[in-house]
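Report on the structure
Letter by letter, the chains look like this.
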Amino acid sequence: MQRMVLASRPIGEPKDENFRLETVDLPELGEGEVLVRVHYMSLDPYMRGRMDEAKSYSAAVQIDETMGGGAVGEVIASNHKGFSTGDFALGMFGWATHGVAKGHEMQKLNPDLAPITTALGVMGMPGFTGWYGLTELGKPKDGETLVVGAATGPVGSMVGQIAKSKGLRVVGIAGGSEKCAKATDTYGFDACIDHKAFETASELRKAMAAECPQGIDIYFENVGGKLLDAVLPLMNVGGRIPLCGMIAWYNAGGLGADAEMESLSGPRLWRSILVNQLSVKGFIISNHYDRYGDFLRDVGPKLAAGEIAYGEDIAEGLENAPAAFRSLLKGGNTGKQLVKLI
Ligand code: NDP
């Protein structure tokens, strides 16, 4: 089998030398474990944080260790009564052609119900993140205005579509005119603003103000950076900010000093939370899987009925995972970034 390990810790943007492709023996199957041949692996923004040693909500990948992550594939051997050879399953198999996991930590998939890739995107962790963050923390109400960045990604596109179904005005922010067209035409956003067309936060803010004539009630925070700077002064009193991610700063390394990170000064940010009486709530989706069943019951039928659209961006081959990952961190992906291994 092949696996991609962390060879060294990146400073700033990850480079080829930070990864190493290795050929190793297949792992032995222990009690209650299942061996899976991976068909698709997931690339997610959070993986950048795991490459750093900085304190975070979960442990860093160690040097020479396989890069972690979710993947889907076919069971080729099983020591668990819940899984048989030929079953399809989701598990944390990492960046590797094969993976072993405890059966009770895996999820069986029915490929007749939905393509197995959807378990990594629209019906998996990112889709669930968008649904949970919006419904639980955003508390959307009919007639309100919502703004979300990374609008065509698996989190942002779920947020936008659920918000639309609840009667909100939905304004996306995305990188480039093609992505913006996707946000409005495929995902039904009312408007989408291309952040690359604006040099400064104040220019971006003017464009957002024009699309949000009633102000902003919910800012679903995926990005940070220029977007946060632009949005804050437009928030309405009593607004909510589900704090989901801040990808614009991930390459800055933990919460260290960085020129762009200083663009939003602490006092200004703090003051705007006070004067607008904003509710800002950070959340880590892995702590909320007690709600995953509710998500499946709500969104599953909508997906089956064609009421929820989704997009996938599929790279090929484990050797190309680092390049696809770098591209994801810079907005090179349109839709859920996957790597096809077989
Ligand atoms: P996406 O597939 O949307 O990929 C990330 C996108 O971020 C890029 O395509 C790009 O879109 C945008 N982006 C990157 N850099 C910048 C920048 N400097 N300024 C503006 N936009 C940028 O990712 P996901 O949907 O998987 O994740 C979205 C966010 O949600 C991330 O921050 C992620 O970390 C977070 N997340 C948090 C979870 C939690 O538990 N809290 C769980 C899952 C995800 P564009 O080209 O349109 O700008």
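Residues numbered from 1 in each chain as written. Predicted model: local features only at pLDDT ≥ 70, side-chain atom pairs only at ≥ 80, totals over all residues. Heavy atoms only, no water.

What follows concerns the site of the ligand. Taken together, 26 residues surround the ligand, and among them K179, H195, N222, Y250 and N333 come closest. Taken by itself the ligand offers 910 Å² of open surface, and the protein chains cover 91% of this. Elements supplying a minimum of two residues to the shell around the ligand: α2 (125–138), α3 (154–165) and α9 (321–329). Looking at side-chain class alone, the shell around the ligand contains 17 nonpolar, 8 polar and 1 charged residues. Among the domains, domain 1 (2–121 + 312–340) and domain 2 (125–285) are the pair contributing at least three residues each to the shell around the ligand. (Near = heavy atom within 4 Å. Areas by Shrake-Rupley, 256 points an atom, 1.4 Å probe, with all protein chains shown as cover. Helix = DSSP H or I, 4+ residues; strand = E, 2+ residues; numbered from the N terminus. Nonpolar A, V, L, I, M, F, W, Y, C, P; charged D, E, K, R; others polar. Domains from an automatic or database assignment.)

With that out of the way, let us pick up helix α4 (residues 177–185). For α4, the full list of buried residues reads K179, C180 and A183. Each buried residue of α4 lies within a common arc of 100° when the element is viewed along its axis, so the set occupies one face. Across α4 from its buried face, at more than 90 degrees, point the exposed residues S177, E178 and D185. Structurally, α4 contributes buried residues whose contacts are with β9 (169–174) and β10 (191–194). (Buried < 20%, exposed > 50% of the residue type's maximum accessible area, 1.4 Å probe, protein only. Arc of directions from axis to C-beta. Contact = heavy atoms within 4.5 Å.)

Spatially, β10-β9-β8-β11-β12-β13 is the arrangement adopted by the 6 strands of the open sheet, whose pairing is parallel. Two strands lie at the open edges of the sheet, namely β10 and β13 (279–282), each paired on one side alone. Across the sheet, the mean angle from the axis of one strand to that of its neighbour is 15°, orientation sign disregarded. Across 2 bridges, the pairing between strand β11 (residues 216–220) and strand β12 (residues 235–243) is parallel. Note that in β12 the partner of I216 across the bridge is M235. The strands that α4 touches are β9 and β10; relative to β10, the one it contacts most, it runs at about 165°. (Pairing = 2+ DSSP bridges. Axes fitted to C-alpha atoms, helices over the stretch in contact; angles between N-to-C directions.)

Once that is clear, we can look at helix α8 (residues 292–304). A rise of 1.5 Å per residue sets the reference length of α8, with its 13 residues, at 18 Å; its end C-alpha atoms lie 17 Å apart and thus fit the reference within 8%. The sharpest bend along α8 reaches about 25° and sits at D298, with the proline P301 one to four residues further on. Of all the residues in α8, the buried ones are Y292, F295, V299 and L303. For α8, the secondary structure elements touched by its buried residues are β7 (107–109), α2 and α3. (Expected span 1.5 Å × (residues − 1). Bend = angle between axes of the 7 residues up to and from the residue.)

Glancing now at the nonpolar core. Grouped together as the largest cluster of nonpolar side chains are 53 residues, with contacts concentrated most on M41, W95 and M208. By residue number, the principal contributor to this core is α9, which donates 5 residues. Residue-level mapping places this core at the junction of two domains, with at least three residues from each of domain 1 (2–121 + 312–340) and domain 2 (125–285). The residues contacting M208, other than those within four sequence positions of it, are V147, I173, I193, I216, A230, V231 and L234. Membership of the second largest hydrophobic core comes to 32 residues, among which are M158, F189, Y292 and V299. (Core = buried A, V, L, I, M, F, W, Y, C linked by side-chain atoms within 4.5 Å.)

Another aspect to go through is the side chain of K336. The topology assignment puts K336 in strand β15 (residues 336–340). A relative accessible area of 3% places K336 in the buried class. Polar side-chain contacts of K336 include one of 2.8 Å to the side chain of S42. Apart from the residues within four sequence positions on either side, K336 is in contact with S42, L43, D44, L120, G121, P126, P154, G311, E312 and D313. (Polar contact = N/O pair within 3.5 Å; in protein donor to acceptor, adjacent residues only side chain to side chain.)

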